[in-house]
2 protein chains.
Amino acid sequence: MPGASDRLCVVLVGVRNPLNIGAAARAMSNFGFLRLRLVNPYHIAFREARSAVGAASLLADAEEFQSVADAVADCTLVVGTTAVRHRELQHPLRRLQYGARLIRKELATGRVALMFGPEKTGLSNHDLSYCDWLMNIPTREQHISMNLGQAVAVCLYELARDAKRATPAKKPAKKEKLEKRATAGEVERISDGLLEALHRSGYVKPIAAASTEERVRRLLRRMNLSSRDAELWLGMLRQILWKLRTAEDARQ
Amino acid sequence: MPGASDRLCVVLVGVRNPLNIGAAARAMSNFGFLRLRLVNPYHIAFREARSAVGAASLLADAEEFQSVADAVADCTLVVGTTAVRHRELQHPLRRLQYGARLIRKELATGRVALMFGPEKTGLSNHDLSYCDWLMNIPTREQHISMNLGQAVAVCLYELARDAKRATPAKKPAKKEKLEKRATAGEVERISDGLLEALHRSGYVKPIAAASTEERVRRLLRRMNLSSRDAELWLGMLRQILWKLRTAEDARQ
């Protein structure tokens, strides 16, 4: 969706830890959302964060605002993130999976603000009052509060997750699928080699030879070998057989 | 899915930054995956990490290992995470969304290791040789490398995401589906036996020993052995090895 990801703004409100700003920026860069807005950042934190791995230009382009109102003014949808579940929320609360779908829909034509609050307290009621609805990441009851950088990463991952599905998808059929399977003849040669090794080493009791042969053949078929792996096996067996044969010759 | 999340181990290999260990632990606690394993952690980092917000007991219970082999020995599926896409990977590479589905399926009956590598370098080829397949998080081409704590959070979010929907899973009808997979420890024993046979028969050139070891390990993991077949292989190898050893003794 060209341009759509450019219409999402990640808004960090009152974030104190430079590492968190950096981590948020890095996740944004990873998932292709490049518009960062900061409301009342602690300036030292902001400056330090600029060293975030691989996200320097994103941070250089980040916009600063004095208030949430200003930061979201041009957005058609404002979504606040929260860990809280049972507090009396004044807003509809949506799970990330569903919320992301609504956000993607809006991004087709509008501009969306995705807001994250300060580390300790989260978004205040005042901040929330700018939101159309709230979104949470489903976490374990016993430990609902996520690290800020990780929460940003998970939200953006979900937002990008199905966007890709819209595009024509994978063109190179997976390498593994292209891998040619071994022919029955190749497998049979491995089977022969292995059986000879087993005979020479006394694994096969003459009385049970036929059933061993079948067991070995079934075993090899279950392995579902590729042609390349079959070759590898044949090479190894050839060498082991050579050794077993010369050992016997030496004895005689 | 009761118990299933308890069968996932997050394995951090050689992680240096205490903040990253703490962040990983916190995300694990958020999403209800409580088993953390550390391979060669830097001890100061580990100790400092124990202060991770809300995840103290998880970190106190974390297990330490000297090698990847030990850390994944009891797992029936080993998945490595990587940012790399275009390097010549020796493994199938799956996108998180699809990979998570496979992991959830395996968790219904087996134990899964989800491995993350050191911050700068990611998992080494040696680490990867223990993996059944690799998984990546779809990120922007221009910035594919994620922060470790965020990558852990996103992976676990995806794993927990559809868990509820996945639960009603119908019983596997076919008997073959019930077949227990071999643990990484069992596969490693086969790998050891096969390598010894290859050494003794001169297949392994000393100069290429390490890469052969990795190739053999990957080969065996691709075979996707059941526990029963693993036993069969071990029995056969034992016998072949016995023969190779006695042949050598006879010469001396």
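Each remark here, short or long, concerns the structure printed above.
So, how was this worked out
Residues numbered from 1 in each chain as written. Chains lettered and ligands numbered in written order. Predicted model: local features only at pLDDT ≥ 70, side-chain atom pairs only at ≥ 80, totals over all residues. Heavy atoms only, no water. Helix = DSSP H or I, 4+ residues; strand = E, 2+ residues; numbered from the N terminus. Buried < 20%, exposed > 50% of the residue type's maximum accessible area, 1.4 Å probe, protein only. Contact = heavy atoms within 4.5 Å. Areas by Shrake-Rupley, 256 points an atom, 1.4 Å probe, with all protein chains shown as cover. Phe/Tyr/Trp six-rings, centres within 6.5 Å; stacked < 30°, edge-to-face > 60°. Core = buried A, V, L, I, M, F, W, Y, C linked by side-chain atoms within 4.5 Å. Pairing = 2+ DSSP bridges. Expected span 1.5 Å × (residues − 1). Lys, Arg positive; Asp, Glu negative; His and termini not counted. Salt bridge = Lys/Arg side-chain N within 4 Å of Asp/Glu carboxyl O. Buried area = accessible area lost by both parts, 1.4 Å probe.

Colleague: So what about the overall build of chain A? Which residues, and what values?
Modeller: A count of helical and extended segments in chain A gives 12 helices and 7 strands. Expressed as a percentage of the 252 residues in chain A, the buried residues total 50%. In chain A, of all internal contacts separated by at least 6 residues, the share reaching a separation of at least 24 is 83%. When the accessible surface of chain A is summed, it comes to about 12700 Å², and 52% of that surface belongs to carbon and sulfur atoms.

Colleague: Account for the packing of aromatic side chains, naming residues and giving values.
Modeller: In the structure shown here, the tally under the stated rule is 4 aromatic pairs over all chains. Judged by centre distance (6.3 Å) and plane angle (85°), the ring pair of Y157(A) and Y157(B) falls under edge-to-face. With one member in each of two chains, Y157(A) in helix α7 (residues 148–161) and Y157(B) in helix α7 (residues 148–161) form a pair that bridges those chains. Take Y157(A): its relative accessible area is 2%, and that puts it in the buried class.

Colleague: Please provide a residue-by-residue account of the nonpolar core, values included.
Modeller: In terms of nonpolar packing, the biggest core is built from 83 residues, with I103(A) and I103(B) touching the most fellow members. At 10 residues, α7(A) tops the list of elements feeding residues into this core. The residues contacting I103(A), other than those within four sequence positions of it, are L8(A), L77(A), V79(A), V112(A), L114(A), W133(A), M135(A) and L159(A).

Colleague: Tell me about the pairing of strand β4 (residues 77–81) of chain A, and please be specific about residues and values.
Modeller: Every regular strand shows the same layout, with side chains that alternate between the two sheet faces. Residue and element names in this part refer to chain A. In terms of burial, β4 is largely enclosed, as 5 of its 5 residues are buried. Side chains L77, V79 and T81 project from β4 onto one buried face, and the interleaved V78 and G80 project onto a second face that is buried too. Where β4 lies against strand β6 (residues 112–116), 4 bridges are found, and the strand directions are parallel. Bridging across to β6, G80 finds its partner in M115. With 3 bridges joining them, β4 and strand β7 (residues 133–136) adopt parallel strand pairing. Along β7, the bridge assignment pairs T81 with M135.

Colleague: Could you give me a rundown of helix α11 (residues 209–222) of chain B, with the residues and numbers involved?
Modeller: With 14 residues, α11(B) extends 20 Å from end C-alpha to end C-alpha; this agrees with the ideal 20 Å at 1.5 Å per step. Turning to α11(B), its buried residues are T212(B), E214(B), V216(B), R217(B), R218(B), L219(B), L220(B) and R221(B). Among the structural elements, α12 (227–251) of chain A together with β4 (77–81), α6 (125–128) and α10 (184–200) of chain B are those in contact with the buried residues of α11(B). With its phi angle positive at about 60°, N224(B) sits one or two positions after the end of α11(B).

Colleague: So, the environment of Y203(A): which residues are in play, and what are the values?
Modeller: By the secondary structure assignment, Y203(A) is in the loop between α10 (184–200) and α11 (209–222). Spatially, the C-alpha atoms of Y203(A) and R37(A) are 71 Å apart, while their sequence positions differ by 166 residues. Among all residues touching Y203(A), those that are not within four sequence positions of it are L198(A), T212(A), R215(A), L232(B), G235(B), M236(B) and Q239(B).

Colleague: So what's going on with the side chain of E186(B)? Residues and values would help.
Modeller: Residues and elements named next belong to chain B. Locating E186 in the fold gives a position in helix α10. Buried within the structure, E186 lacks any salt-bridge partner; its nearest side chain of opposite charge belongs to R189, at an N-O separation of 5.0 Å. In this structure E186 touches S227 and A230, once residues within four positions along its chain are discounted.

Colleague: Describe the interface of chain A and chain B, listing the residues and the values that go with them.
Modeller: On the side of chain B, 67 residues touch chain A, which itself brings 66 residues to the contact. Both sides together, the interface formed by chain A and chain B hides about 5500 Å², and carbon and sulfur atoms give 57% of it. Among the residues of chain A in contact with chain B, N30(A), Q150(A) and Y157(A) are the three that bury the most area, contributing 12% of the side total. Between R161(A) and E158(B) there is a salt bridge, with the nearest N and O atoms lying 2.7 Å from each other.

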